[in-house]
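Descriptive structure summary
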Amino acid sequence: MELSSLATIADVRAALRDGATAVDVCTEFLGRIAARDGDLRAFNHTAAEPALARAAALDRRGPDAPDLPLLGVPIAVKDNICTRGLPTTASSRILAGYVPPYDATVVERLTAAGAVVVGKTNCDEFAMGSTTEHSVTGPTRNPWDPACVPGGSSGGSAAAVAARLAPVALGSDTGGSIRQPAAFCGIVGLKPTYGRVSRYGLLAFASSLDQIGPFGLTVADAAAVLQAMAGPDPRDATSADAAVPDCGAGAAEPMRRPTIGVPWAILENGVDAGVAAAFATAVDALKDMGATVVDVALPHAEYAVPTYYIVAPAEASSNLARYDGVRYAYRAPLDEKDATLDRMYDRTRRDGFGDEVKRRIMLGTYALSAGYYDAYYLKAQQVRTLIRDDYDAAFERVDAVAMPTTPTTAFRLGERADDPLQLYVGDVFTASANLTGLPAVSLPCGRDDAGLPVGLQLIGRAFDEVTLLGIGAAYEEQAPWWREPPTAGAGMPRDEAPAS
Ligand code: GLN
């Protein structure tokens, strides 16, 4: 296998079997990053030296060492996940220069499984956003059209995998931040069940919603990364004490005859024509594959966005209180004459946080304040239960619920930058999986008229990622969209696009 055609984990394994070394594989991907990331800007930080040293150590293990499931597989890690010795900034000024003294549990486990961290990827500041534009390092571009956003908040990770700069990557998903950029970049993104993957070492945004999950080109690759990092962790009290099923088997045994529920009523309004058309085609493909498709009702789905935008900012306002200029990272410089503690807090947070993060802190502080707590936060928690009840009722009849991942495809950089409400509404189909804790995956399912990717979202039963992976693998077999790499000219009006 030519190193220049490496794309998936299976390709990396084949190359190593053919005699390539882990250093060869790592050098190939680092070379792609060096050549392309100046334009794409998927990475905040490239870890060439430590990656090559790690690959060389793997090569020294010798032919008799036990096989590792991710041996020599380069992985890109979102910059809000702690990596020992590598900068971890969450794309925020307030964490400029922060180098964690420890690895997140996921990084520790993936490294133990043979993966090689090649860099830290760009994201919206503290994962608050849907475009990767709220980043102190500037936006990442969509590999399908550099004038468009890659989605967010894990936009750097999604763009890196779509552009073949790394076979797999990690993101975090609080309201859609893995699935939405996966959809916008035409790749697979999986949010595991809440508690399936340890959050130890993830810079917290909203602790009852955050989950780390994988990006890959294929369902099998997402499954392999999930397998290597899932499972209980004594360092995260919210990690679930549930045995990890064989995720690889889920992806290796396509489930061709599932029953799938589609909530047609909530798809009637506000979905772009290109997304609706690709979704309808995907539903036909599911039927062709052998699935039974039924209508399901999710009567409280319309409250997912308002509920999410109470719960997430409330938890964020509490989590972000720790960035006070005292213990680590940024502290605003003060003249000695006006250097009071209050002023230090004030200026550090004023200069260290960007506008979107400040907006969330204010919204959250308001929702939690005495006198408003019952009306907002408590009410939101009650609605969460109603949304979960809808899904539990649906899962009595179906194996998974399907809908588009997003109401639109990728839009142009800057187009929505001044309109937070329009961005919030874009979370309409993703937020409920976080509010309910349920696992959900976005699969590439076609293109709109401009040639931009569309995502198909499948939501499953709690702790049953295997069913999602099995249905995903069967769909991918039926509709292998991942094989087409990003085409230059997607996103342009048809008559201006170069002939492919
Ligand atoms: N777009 C959502 C937000 O801005 C989701 C973010 C996320 O999942 N981290 O909050």
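Scroll up a little and you will see the structure.
This section reports on the structure supplied with the text. The model shown is predicted, which means the values in this text are computed figures rather than measured ones.

**Structural notes on the site of the ligand**
Surrounding the ligand, one finds 15 residues, the nearest of these being Thr174, Gly175, Ser177, Tyr308 and Arg360. A distance of 2.7 Å separates an oxygen atom of the ligand from a polar atom in the backbone of Thr174. Surface burial for the ligand is 99%, taken as the share of its 290 Å² of free accessible area covered by protein chains. Of the pockets mapped on this structure, the ligand occupies the largest cavity. Residue composition of the shell around the ligand, by class: five nonpolar, seven polar and three charged.

**Comments concerning the pattern of salt bridges**
In the structure shown here, the tally under the stated rule is 18 salt bridges. Arg179 is the salt-bridge partner of Asp173, the closest N and O atoms lying 2.8 Å from each other. Note on accessibility: Asp173 and Arg179 belong to one class, buried. When the shortest N-O distance is used, the salt bridge between Arg196 and Glu465 registers 3.1 Å. With Arg196 in the loop between strand 5 (188-191) and strand 6 (211-216) and Glu465 in helix 16 (residues 465-478), the pair connects residues that are 269 residues apart, well separated along the chain. Overlapping salt bridges bring together Glu108, Asp233 and Arg235 as one network.

**Description of empty space enclosed by the protein**
Taken as a whole and judged by the stated rule, the model has five cavities of 30 Å³ or more. Quantified by volume, the largest cavity comes out at close to 90 Å³. What lines the largest cavity is a set of 14 residues, among which Gly129, Ser130, Ser177, Tyr308 and Asp427 lie closest to the centre.

Procedures and definitions
- Residues numbered from 1 in each chain as written.
- Predicted model: local features only at pLDDT ≥ 70, side-chain atom pairs only at ≥ 80, totals over all residues.
- Heavy atoms only, no water.
- Near = heavy atom within 4 Å.
- Polar contact = N/O pair within 3.5 Å; in protein donor to acceptor, adjacent residues only side chain to side chain.
- Areas by Shrake-Rupley, 256 points an atom, 1.4 Å probe, with all protein chains shown as cover.
- 1 Å grid on protein atoms, 1.4 Å probe; cavity = no way out; pocket = protein on both sides within 12 Å on 5 of 7 lines; lining within 4 Å.
- Sits in = over half its atoms within 2 Å of the grid points.
- Nonpolar A, V, L, I, M, F, W, Y, C, P; charged D, E, K, R; others polar.
- Salt bridge = Lys/Arg side-chain N within 4 Å of Asp/Glu carboxyl O.
- Buried < 20%, exposed > 50% of the residue type's maximum accessible area, 1.4 Å probe, protein only.
- Helix = DSSP H or I, 4+ residues; strand = E, 2+ residues; numbered from the N terminus.
- Points joined across faces, edges and corners; volume = space filled by probe spheres on them.

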